[in-house]
Structure formats: structure tokens, C-alpha cells
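Below, each chain spelled out in residue letters.
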There are 2 protein chains.
Amino acid sequence: MIGRLNHVAIAVPDLQAAAAQYRDTLGAGVGAPQDEPDHGVTVVFITLPNTKIELLYPLGDVSPIQGFLDKNPAGGIHHICYEVDDILAARDQLLAKGARVLGSGAPRIGAHGKPVLFLHPKDFNGCLVELEQV
Amino acid sequence: MIGRLNHVAIAVPDLQAAAAQYRDTLGAGVGAPQDEPDHGVTVVFITLPNTKIELLYPLGDVSPIQGFLDKNPAGGIHHICYEVDDILAARDQLLAKGARVLGSGAPRIGAHGKPVLFLHPKDFNGCLVELEQV
């Protein structure tokens, strides 16, 4: 069911510093910050040859990553995202296996403009897993 | 400097259950458990089309991931590994930028039989970063 690792998302306490570090210290390809007001984050994409790193920083008053940064002030890996061909089929297969989907269970349009779902970290070894239909 | 994302390592509290979940619930390609006594872990590799997930479980009395699991009993993402062409050049560039390398600073032979270094999580947004020379 799952395909490529689409990205690893890292919540960071200082987006400019983190982007500069990936560009200057780690020598990676770093994009410009993109505000995603519908998702409560500002994102910087790090392009690696085989996948992406997404640096996440809170945007607005009710950012979904603010609580994570409150608990992890230095930042940390927030989630990993696997690609799927058919997100509804993937969801139904997961639910049939007893896994929990966060929210209503209906896919939302994610930061890349594609349908996404998040799976409950307690069901997946403490990892927040995003599925993205590609 | 950094190249491909070589793997994402996830520490898990039950290796058999986690491997079965990736195989049966997420439909991924899952290898057999491999004991790595020199590294204090048993590893299961999940093969994705563009990278790998490594499930890590403690092996022996002084496993480097036991403390992580004590703090995170459900498991969690333990580290991410970036590939580099020349690990000594990468290390020297990082040290010159003020980043800290864990241990003596000399590369060790990692679980894949290649030279590796770990960077201090406090210098990298709370993420433990492994560099592997490929």
C-alpha cells in the first residue's frame, strides 16, 4: 500500500536559522519560506535527491505544531509522510486492520494541494504518520 | 554536502508487531530481523521505493536505544540518516561551522558496514542526525 517516503517533517523553533543551517552547514537545496495559513504553518522545503525534508514553524494563533514545540523547545521530527495511490482505499484498509485515523476520517487537502490523512501515533510506534495521495 | 536520505530509524517497543504492521497493515516490503551486536540493536529494514525505514529494537544489556524507549515507551523516530560522499570532509566542515559530533569525532563502522558519524541533536533542531559515507 505505501509507496515512496514523501517527506520527513521537522518542527523548528527558528525557521530562518534552521533553513540557513541546512543551506550553509549541511549544503542542501533550501527553498523560500511558504506560509500555509490553512494549515497553521510556515514551511521551508529542503530538496534531497530522493525525498524532501519539510521544516515547519507555527503560523497564526492555533498552529497544530505549537503544542509540539511547547513540549520540544529545541524542535524535533514531527511526522513522516508516505505516499499512497488511493487514499480512500488506504484509509479503509487501515480502519479494517484496527488503525485509527485522526479527525473525521475524511481526507483533507494538505500543504501540497493533495488529499492527506494522519494516522494515530499510538497505533504506529509513537510516530505521527501522514498519508498523501499522489 | 548531504545527499540522499538513507533511512529514517524508528525505535519500537515490539519488533515483531511493528514488522507485521508494516507488512500487513501498510503493505510495505519488510525484511527479516538482523541482530547487530556491535551496535546493540536488532534491525528490521522496510524497503520503500526511494529510501528505507529501519525499525530498531534493543539488543543486549547496553543498547543505545534503551534510554530512548524508556523515555518513549510507545516508540518514536530515533534518528534520520543523510548520505555523504566523504565523511571526514563532512565532519571537518561541520566542526568548522560549530556543530558538535558525538563521541570521539572519529567515524565508526555503522550497521550497514560503512563509516558513520552522529551529530548532536541540540545543534540540529532536536533531531539526532547520522551521516553515512556511501
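Residues numbered from 1 in each chain as written. Chains lettered and ligands numbered in written order. Predicted model: local features only at pLDDT ≥ 70, side-chain atom pairs only at ≥ 80, totals over all residues. Heavy atoms only, no water.

Here the focus is the overall build of chain A. A tally of helices and strands in chain A yields 3 helices and 9 strands. Taken from N to C terminus, the helices and strands of chain A fall in the order β-α-β-β-β-β-α-β-α-β-β-β. In summary, chain A has a C-alpha radius of gyration of 15 Å against a globular reference of 14 Å for 134 residues, a match within 12%. Considered along the principal axes of its C-alpha atoms, chain A spans approximately 45 × 35 × 25 Å. Per-residue burial over chain A gives 51% buried out of 134 residues. The long-range fraction of contacts in chain A, counting pairs at least 24 apart against all pairs at least 6 apart in sequence, stands at 52%. The distance from the centre of the 10 positive side-chain charges to the centre of the 15 negative ones in chain A is 7 Å. (Helix = DSSP H or I, 4+ residues; strand = E, 2+ residues; numbered from the N terminus. Rg over C-alpha atoms; globule rule 2.2 N^0.38 Å. Buried < 20%, exposed > 50% of the residue type's maximum accessible area, 1.4 Å probe, protein only. Contact = heavy atoms within 4.5 Å. Lys, Arg positive; Asp, Glu negative; His and termini not counted. Charge placed at Lys NZ, Arg CZ, Asp CG, Glu CD.)

Tallying each qualifying case throughout the model produces 2 aromatic pairs over all chains. Here Tyr22 of chain A and Tyr82 of chain B contribute two aromatic rings whose centre-to-centre distance is 6.1 Å and whose plane-to-plane angle is 90°, an arrangement assigned as edge-to-face. Of this pair, Tyr22 of chain A sits in helix α1 (residues 15–25) while Tyr82 of chain B is found in strand β6 (residues 76–84), placing the two residues in two different chains. Given a relative accessible area of 1%, Tyr22 of chain A falls into the buried group. Taking the relative accessible area as the measure of exposure, Tyr82 of chain B reaches 0% and is therefore buried. (Phe/Tyr/Trp six-rings, centres within 6.5 Å; stacked < 30°, edge-to-face > 60°.)

A few words on the state of the cysteines. Residue and element names in this part refer to chain A. All told, the structure shown has 0 disulfides over all chains when counted by the stated rule. With no disulfide of its own, Cys81 lies 13 Å from the sulfur of Cys127, the closest cysteine sulfur. By relative accessible area, which is 0% here, Cys81 ends up buried. (Disulfide = S-S within 2.5 Å.)

Residue and element names in this part refer to chain B. Where strand β7 (residues 108–109) meets strand β8 (residues 115–119), 2 bridges bridge the pair, whose relative direction is antiparallel. Within β8, the position partnered with Arg108 by the bridge is Val116. Both β8 and strand β9 (residues 129–133) contribute to a ladder of 4 bridges, which runs antiparallel. Residue Leu117 lies in a different strand from β9, and its bridge partner there is Leu131. (Pairing = 2+ DSSP bridges.)

Attention now moves to the interface of chain B and chain A. Facing 37 residues of chain B, the contacting portion of chain A comprises 37 residues. Both faces combined, the contact of chain B with chain A buries some 3200 Å², and carbon together with sulfur accounts for 64% of it. When residues of chain B are sorted by the area they lose upon contact with chain A, Leu26, Asn50 and Asn125 of chain B head the list and together hold 21% of the total. Linking chain B with chain A are 0 salt bridges. Counting the contacts that link chain B with chain A gives 17 residue pairs in polar contact (both at pLDDT 80 or more). Taken together, the elements giving at least two residues each to the side of chain B that touches chain A come down to β1 (5–11), α1 (15–25), β6 and α3 (87–96) of chain B. Looking at side-chain class alone, the side of chain B that touches chain A contains 22 nonpolar, 11 polar and 4 charged residues. (Buried area = accessible area lost by both parts, 1.4 Å probe. Salt bridge = Lys/Arg side-chain N within 4 Å of Asp/Glu carboxyl O. Polar contact = N/O pair within 3.5 Å; in protein donor to acceptor, adjacent residues only side chain to side chain. Nonpolar A, V, L, I, M, F, W, Y, C, P; charged D, E, K, R; others polar.)

Before going further, it helps to spend a moment on the nonpolar core. Counting 62 residues, the largest nonpolar core has Leu55 and Tyr82 of chain A together with Ile10 and Leu55 of chain B as its most contacted members. Beyond its immediate chain neighbours, meaning those up to four positions away, Leu55 of chain B contacts Ile10, Val12, Leu15, Ala18, Ala19, Tyr22, Thr42, Val43, Val44 and Ile46 of chain B. (Core = buried A, V, L, I, M, F, W, Y, C linked by side-chain atoms within 4.5 Å.)

A word on the pairing of strand β6 (residues 76–84) of chain A. All names here are of chain A. Judged by how many residues are buried, β6 sits mostly within the fold: 9 of 9 residues are covered. Bridge count for strand β1 (residues 5–11) against β6 is 6 bridges, and the pairing is antiparallel. Pairing of His7 across the sheet is with Cys81, part of β6. Pairing between β6 and strand β9 (residues 129–133): 5 bridges, direction parallel. Among the inter-strand pairings, Tyr82 is bridged to a residue of β9, identified as Leu131.

Time to look at the relation of the copies chain B and chain A. Expressed as a screw transformation, the operator carrying chain B onto chain A has a rotation angle of 180° and an axial translation of 0.0 Å, and the superposed copies differ by an RMSD of 0.0 Å. Seen this way, the second copy is the image of the first under a two-fold rotation axis. Within chain B, Asn50 of chain B has its C-alpha nearest the rotation axis, a separation of 3.0 Å. (Least-squares fit on C-alpha atoms with pLDDT ≥ 70 in both.)

Before going further, it helps to spend a moment on the environment of Pro58 of chain B. All names here are of chain B. Looking at the secondary structure, you find Pro58 in strand β5 (residues 52–58). Residue Pro58 is classed as buried on the basis of its relative accessible area of 13%. Along the backbone, Pro58 and Gly40 are 18 residues apart, and their C-alpha atoms lie at a distance of 6.0 Å. Once residues within four sequence positions are removed from consideration, Pro58 is found in contact with Gly40, Val41, Ser63, Ile65, Gln66 and Leu69.

These values are about where atoms sit, not about what they do.
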